[in-house]
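# Structure assessment
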Amino acid sequence: MHPSTSLLKRVRGGDETALIRAYDEYAPKIYRYAYRLTGHRATAQDVASETFRRLLGALKQGGGPTDNLSAWLYRVAHNLVVDGFRLQPDEAPVPIQEAPEIPVRSRAESRLERREAVRAARAALSRLTSLQQQVIALRFLEELSIRETAEIMGKTEGAVKALQYRGTNSLRRILEDEDGET
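Residues numbered from 1 in each chain as written. Predicted model: local features only at pLDDT ≥ 70, side-chain atom pairs only at ≥ 80, totals over all residues. Heavy atoms only, no water.

### Quick word on the overall build of the protein chain
Stated precisely, the cut-off is as follows: Strands here mean DSSP runs of E at least two residues long; helices mean DSSP runs of H or I at least four residues long; both are numbered from the N terminus. Using a 1.4 Å probe on the protein chains alone, a residue whose accessible area is under 20% of its type maximum counts as buried, one over 50% counts as exposed, and one in between counts as partly exposed. Two residues qualify as a contact provided that any one of their heavy atoms is within 4.5 Å of a heavy atom in the partner residue. Only the protein chains shown count as cover for residues, and the accessible areas themselves come from Shrake-Rupley with a 1.4 Å probe.
Secondary structure assignment for the protein chain yields eight helices and zero strands. Counted from the first residue to the last, the protein chain has its helices and strands arranged as α-α-α-α-α-α-α-α. For the protein chain, buried positions account for 38% of its 182 residues. Within the protein chain, residue pairs in contact and separated by at least 24 positions form 62% of the contacts whose partners lie at least 6 positions apart. In the form shown here, the protein chain has an accessible surface area of approximately 10800 Å², with 51% of it arising from carbon and sulfur atoms.

Following this line, the structure appears as structure tokens:
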């Protein structure tokens, strides 16, 4: 039995220690995923919290994940982002130097180039379809496999490969067009 299957079984059984372990294991991943989709710390924290609140509510009602906890959590988080946790106009974006996992270099030129590259990548990603954004985020930012991505999205592996292919080609064209304009 796969270790995550055992954890899911214990979570579904109401084992408090298993719930804590699941939260400790998946909350940072869900936060990071939501942050990458929204660009805002507070929104990402809200999405992560609401994802686990929904897990507890679903378990209490006899529902929730039955075969893959990770896929269920990512799917809920993605749906929350799509359904209303998108960027709010009155919300100030997190300054790029405070973004998680983006090292700040000591030279001013390097920092400026990095900021511009991150801005361009975010802008390009925002021009993709929602499904392409989700595939790109799960495959390349979360470093999940095709199989894991397909499970999370409720798609076939072939559909994920096609979305990834179209998404990466679109990104390439968008970024090349922007390079041609500067």
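### Comments concerning helix α2 (residues 16–38)
Applicable threshold: In this analysis, the expected span of each helix is defined as 1.5 Å times one less than the number of residues it contains. What qualifies as a polar contact is a pair of N or O atoms within 3.5 Å, subject to a donor-acceptor requirement within protein and to the restriction that residues adjacent in sequence count only when both atoms come from side chains.
Spanning 23 residues, α2 covers 31 Å between terminal C-alpha atoms, matching the ideal 33 Å at 1.5 Å per step. Restricting attention to buried positions, one finds in α2 the residues A18, A22, Y26, A27, I30, Y33, A34, Y35, L37 and T38. Regarding α2, its N-cap is D15, as a side-chain oxygen of that residue lies 2.9 Å from the backbone nitrogen of T17 further along. Positive backbone phi, at 80°, marks G39, one or two positions downstream of α2.

### Observations concerning the pattern of salt bridges
We apply this condition: We count a salt bridge whenever a side-chain nitrogen from Lys or Arg sits within 4 Å of a carboxyl oxygen from Asp or Glu.
For the structure shown, the criterion picks out six salt bridges. Two residues, E50 and R54, come together in a salt bridge whose shortest N-O distance is 2.8 Å. Placement of both E50 and R54 in helix α3 (residues 41–60) is noted, with a separation of four residues, approximately one turn of the helix. With a relative accessible area of 17%, E50 lands in the buried category. Counted as one network, the salt bridges with shared partners bring together R32, R36 and E142.

### Let's talk about the packing of α2 against α3
What counts is decided by this rule: All axes are obtained by fitting lines to C-alpha atoms, using only the stretch in contact for helices, and the reported angles, taken between N-to-C directions, cover 0 to 180 degrees. Angles are sorted into four bins: roughly parallel if under 35 degrees, roughly antiparallel if over 145, roughly perpendicular if 65 to 115, and oblique for all others. By definition, any crossing whose near helix is turned counterclockwise from its far helix by less than a right angle is left-handed, and any crossing with a clockwise turn is right-handed. Classification used: nonpolar for Ala, Val, Leu, Ile, Met, Phe, Trp, Tyr, Cys and Pro, charged for Asp, Glu, Lys and Arg, polar for all others including Gly.
Across the interface, α2 lies against α3 with an axial gap of 8 Å and an inter-helix angle of 140°. On the basis of the axis angle, α2 is oblique to α3. Our pair here, α2 against α3, has a crossing hand that is right-handed. For the pair formed by α2 and α3, the contact residues are L19, A22, Y23, Y26, A27, I30, Y31, A34, Y35 and T38 on the first element and R41, T43, A44, Q45, V47, A48, T51, F52, L56 and L59 on the second. Considered class by class, the residues forming the contact of α2 with α3 number 15 nonpolar, four polar and one charged.

### Section: the packing of aromatic side chains
Worth spelling out the cut-off: Here a Phe, Tyr or Trp ring, Trp counted by its six-membered ring, pairs with any other such ring whose centre lies within 6.5 Å, and the pair is stacked when the planes are under 30 degrees apart, edge-to-face when over 60, and tilted otherwise. The rule for a charge over a ring is simple: NZ of Lys or CZ of Arg within 6 Å of the ring centre, and within 35 degrees of the ring normal.
A complete count under the given rule lists three aromatic pairs for this structure. Note on Y33 and Y74: the rings are 5.3 Å apart at their centroids and 75° apart in plane angle, and the pair reads as edge-to-face. Note that Y33 is positioned in helix α2 and Y74 in helix α4 (residues 69–83), a separation of 41 residues in sequence. Positioned above the aromatic ring of F140, the side-chain terminus of R139 is 5.8 Å from the ring centre.

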